[in-house]
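Coordinates in review
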Amino acid sequence: MIRWLAGLIGFGLAATSALAADPVTIGVGYLAIAGTRSTLSLVEQPAENDGVAGARLAIEDNNTTGKFTGQRFTLEERRIKEGEDVVQAATALAEKNGFIIADLPADALLKVADALRERGTLLFNAGAIDERLREADCRANVIHTAPTRAMLADALGQYLVWKKWSRWLLVVGSHDEDRLFADAIRRTAARFGAKIVQERTFEDKGGARRTDSGVTQIQRQMPVFTQQAPAYDVLVAADESEVFGAYLPYRTWDPRPVAGSAGLVPRSWDASQDQWGAIQMQNRFIKLNSRRITALDMQAWTAVRMIGEATSRTNSGEVKKVTDFIKGPDFSVAAFKGTRLTLRDWNWQLRQPILLVDGRMVVSVSPQEGFLHQVSELDTLGYDRPESKCKLK
Amino acid sequence: MFGAALLAALALAAAPAHAFIAYVSNEKSNTVSVIDTDSWTVTKTIKVGQRPRGIDFTRDGKFVMVAVGDDDTIQVIDAKTQSVVDSLPSGPDPELFAQDAAGKILYVANENDNTVTVIDLEKRARLGDIQVGVEPEGMTISPDGKTLINTSETTNMAHFIDTSSRQIVANVLVDARPRFAEYKHDSSEVWVSSEIGGTVSIIDPKKHEVIGKVTFEIPGLRKEAIQPVGIGMTKDDKTAFVALGPANRIAVVDVASRKVTKYLLVGQRVWHMAFTPDEKHLLTTNGVSNDVSVIDVAAQKVIKTIQVGELPWGVTIAP
């Protein structure tokens, strides 16, 4: 009788019993590549739990809410080592977890998405910023909480144009992802009326990122590399591979600010972001993980919070029901960015403000004032619906 | 005799509206501005702890309590001397609080550790904690004192707490980032504002169900800029005022039909509000423009703007 009563109360969407019966378990998987990449700055070297630490905090947050809704969230982490089959690992993870947060390179993510399509698992891309995952290679079972390169470049470009720094010297690294970021920057310049006065390529000739001889050579190399440039306002660096970008600030031949991959950097999130109630979330993160948060952590946090938001609104742990709600017109999530975040229904990209940070402070938040849009000003960042090549399937 | 009566009547007519004293917390400058509602000027600026936000008079009107979040405490200002005289043992990062009708018990929302702290105001001692959702913020008590309502910003719920047992009796899901809760004076409804959701949910406190929503639409303003926070309701429960944050407006809502009848342009990023006891005026704190707007309640017009400290947040007026 008591159980029946509790069940009845729990059934109502609006009011849920404080003493819910057996909690519903909602399994969330986290799939990523083992190991971390090297950065030029030691301070920015990612922790081994980069990303998953954010997911863990969101699981805790969801479970605090879950106490009241009779839902329990679990997290299962799987790191793929070199030579391991990503599809096999993903399939095993999907056994117990209806939702998977992925921090994978684009090709691996697509393999996983296609392998899990029949099963109905909902994937969240928390790591890959590649445009093609939202464009020609978009997938109906992948939600993207990571921003795209075009969103990041537009966020930076809007600020530079607002600042009237509209002559850019573009320096591009020699790796594929550097070129992709440079493509995004060129598109931004064309959209917002900035001029790329010249492009230079910084060849990666290999070598260690840290040496005992230190910075003496760099101090001589960087001015020489940037000398004799046409008149420009700001140097924009496209160096996702971490080969030279961080060496540029304060070392350019002409005294000019640096932006892009170093200096003023566009990011979905930063450890210094304390506006819009973020301070409590930052504190919770530090308490749980004994380090400061990164953008990747926040992208994973947002993904897990989206699941929690949908399960509490639908009062259900059913993957299909939750997925439909997330993709429905009423879905939004609060993520300490001063505005509700919603999904672009043409490619399942999360709309979000982008922070411009200098490593110590948030300098600005884009979209900038005056960049208008008929639907959402957040859609002034990245590819908009009419330009999209995505056909969800 | 007749002449004296006439004189008295004349004097009465000429006398200004009864003067009240308003206290405004300035989040950024770590001060509280004291405003005289007769002259509408700041008469004193009191230095307080770090990041003052929630602010309220004690029921007897003798003290003003102000939550100084970054100092993890609530400071007590003596209204007579207009200086800080004591502090209360809240939990970490107190933001908003509510007191019972007798003014004996204080309930504090501690944003940092998902709890509501219960404080004995006479002994100024901590009585205990109540576990609630993630980032508790809004607080209100039912007119009969039996139910405390707390809203949690990331859990997106209004928690109904029995004040005698200090147990949660119900949780009601509302729209994203609920920040403020207000009972109707007749206890029939609780209004909860959702900053990110952009709505005010109206809850039946007996059934614990959302029975209606107030929505806002301002031509020429994008939806995301409408972020409801503070709510004020007239004593006759006929009119509600809702602060819309970066929309820079106060919505005037007809309580019966739950429809907005008017938008009043105030300062930038309007947070909270307080009525004068005679309900002739409503004061709103405008965070970004560093001022307080004075609204003539009957005329539903902004009649005055007063410069205060940096980022004004909360306001309370002596009973």
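Residues numbered from 1 in each chain as written. Chains lettered and ligands numbered in written order. Predicted model: local features only at pLDDT ≥ 70, side-chain atom pairs only at ≥ 80, totals over all residues. Heavy atoms only, no water.

Here we come to the sheet that holds strand β7 (residues 83-88) of chain B. All names here are of chain B. What the four strands build is an open sheet, ordered β4-β5-β6-β7; its pairing is antiparallel. In this open sheet, the two strands that pair with only one neighbour each are β4 (52-57) and β7. On average, each strand axis in the sheet is tilted by 30° relative to the strand beside it, whichever way the strands run. Bridge count between strand β5 (residues 63-68) and strand β6 (residues 73-78): six bridges; the pairing is antiparallel. Its bridge partner lying in β6, Val-68 is registered against Thr-73. (Pairing = 2+ DSSP bridges. Helix = DSSP H or I, 4+ residues; strand = E, 2+ residues; numbered from the N terminus. Axes fitted to C-alpha atoms, helices over the stretch in contact; angles between N-to-C directions.)

For the rest of this paragraph, the subject is the nonpolar core. All names here are of chain A. Counting residues in each nonpolar core, the largest one holds 44 residues, and the members touching the most others are Ile-101, Phe-124, Trp-269, Met-306 and Ile-326. Going through the elements one at a time, β2 (24-33), α2 (52-69), β4 (99-103), β5 (122-125), α8 (278-289), α9 (295-314), α10 (319-326) and β16 (354-357) are the ones with two or more residues in this core. Here this core gets nine residues from one element, more than from any other, and that element is α9. Ranked by size, the runner-up nonpolar core spans 26 residues in total, among them Leu-152, Trp-168, Val-172 and Ile-185. (Core = buried A, V, L, I, M, F, W, Y, C linked by side-chain atoms within 4.5 Å. Buried < 20%, exposed > 50% of the residue type's maximum accessible area, 1.4 Å probe, protein only.)

On to the domain arrangement of chain A. All names here are of chain A. Domain annotation for chain A reports domain 1 (19-147 + 270-352) and domain 2 (150-266). Computed over C-alpha atoms only, the centres of domain 1 and domain 2 are separated by 31 Å. Counting residues at the interface gives 16 residues for domain 1 and 13 residues for domain 2. For the pair domain 1 and domain 2, the two sides together bury roughly 1100 Å², of which 61% comes from carbon and sulfur. On inspection of domain 1 and its partner domain 2, the count reaches zero salt bridges. The tally of links from domain 1 across to domain 2 stands at two residue pairs in polar contact (both at pLDDT 80 or more). For the side of domain 1 that touches domain 2, the class distribution of residues is five nonpolar, six polar and five charged. (Domains from an automatic or database assignment. Contact = heavy atoms within 4.5 Å. Buried area = accessible area lost by both parts, 1.4 Å probe. Salt bridge = Lys/Arg side-chain N within 4 Å of Asp/Glu carboxyl O. Polar contact = N/O pair within 3.5 Å; in protein donor to acceptor, adjacent residues only side chain to side chain. Nonpolar A, V, L, I, M, F, W, Y, C, P; charged D, E, K, R; others polar.)

On to α9(A). All names here are of chain A. When the terminal C-alpha atoms of α9 are compared, their 28 Å separation across 20 residues agrees well with the 28 Å that a helix rising 1.5 Å per residue should span. One side-chain oxygen of the residue at the start of α9 lies 3.3 Å from the amide nitrogen of Leu-296, identifying that residue as Thr-294. Positive phi shows up at Asn-315, right after α9, with a value of about 55°. (Expected span 1.5 Å × (residues − 1).)

Residue and element names in this part refer to chain A. Residues Ser-366 and Pro-367 are joined by a peptide bond in cis, for which omega reads 10°. By the secondary structure assignment, Pro-367 is in the segment after β17 (362-366). One non-glycine residue with positive phi stands out, namely Asn-315, at about 55°. Mapped onto the elements of the fold, Asn-315 is located in the loop between α9 and α10.

Think of it this way: side chains of opposite charge can pair up when their charged atoms draw near. Applying the stated criterion across every chain yields a total of 47 salt bridges over all chains. Here Glu240(A) ties to Arg149(A) by a salt bridge, and the two come within 2.6 Å at their closest N and O atoms. On the criterion of sequence distance, the pair formed by Glu240(A) in the loop between β9 (234-238) and β10 (258-260) and Arg149(A) in helix α5 (residues 149-162) is long-range, its members being 91 residues apart. Of the residues examined, Glu240(A) reaches a relative accessible area of 23% and is grouped as partly exposed. Across the pair Asp120(B) and Lys123(B) runs a salt bridge whose closest N-O atoms are separated by 3.9 Å. For Lys123(B), a relative accessible area of 66% translates into the label exposed.

Every contact between the two is made by 37 residues of chain B and, on the other side, 29 residues of chain A. Taken together, chain B and chain A are joined by two salt bridges. Across the salt bridge formed by Glu135(B) and Arg284(A), the nearest N and O atoms sit 2.7 Å from each other. If you look at where chain B meets chain A, you find 11 residue pairs in polar contact (both at pLDDT 80 or more).

All names here are of chain A. The terminal C-alpha atoms of helix α6 (residues 176-192), which comprises 17 residues, lie 25 Å apart, in line with the 24 Å expected from a rise of 1.5 Å per residue. Taken residue by residue, α6 has Asp-178, Phe-181, Ala-182, Ala-184, Ile-185, Arg-187, Thr-188, Ala-189 and Phe-192 as its buried positions. In this fold, the buried residues of α6 make contact with α5, β7 (167-173), β8 (195-202), β9 and β10. Two residues or fewer past α6, Gly-193 is found with a positive phi of approximately 80°.

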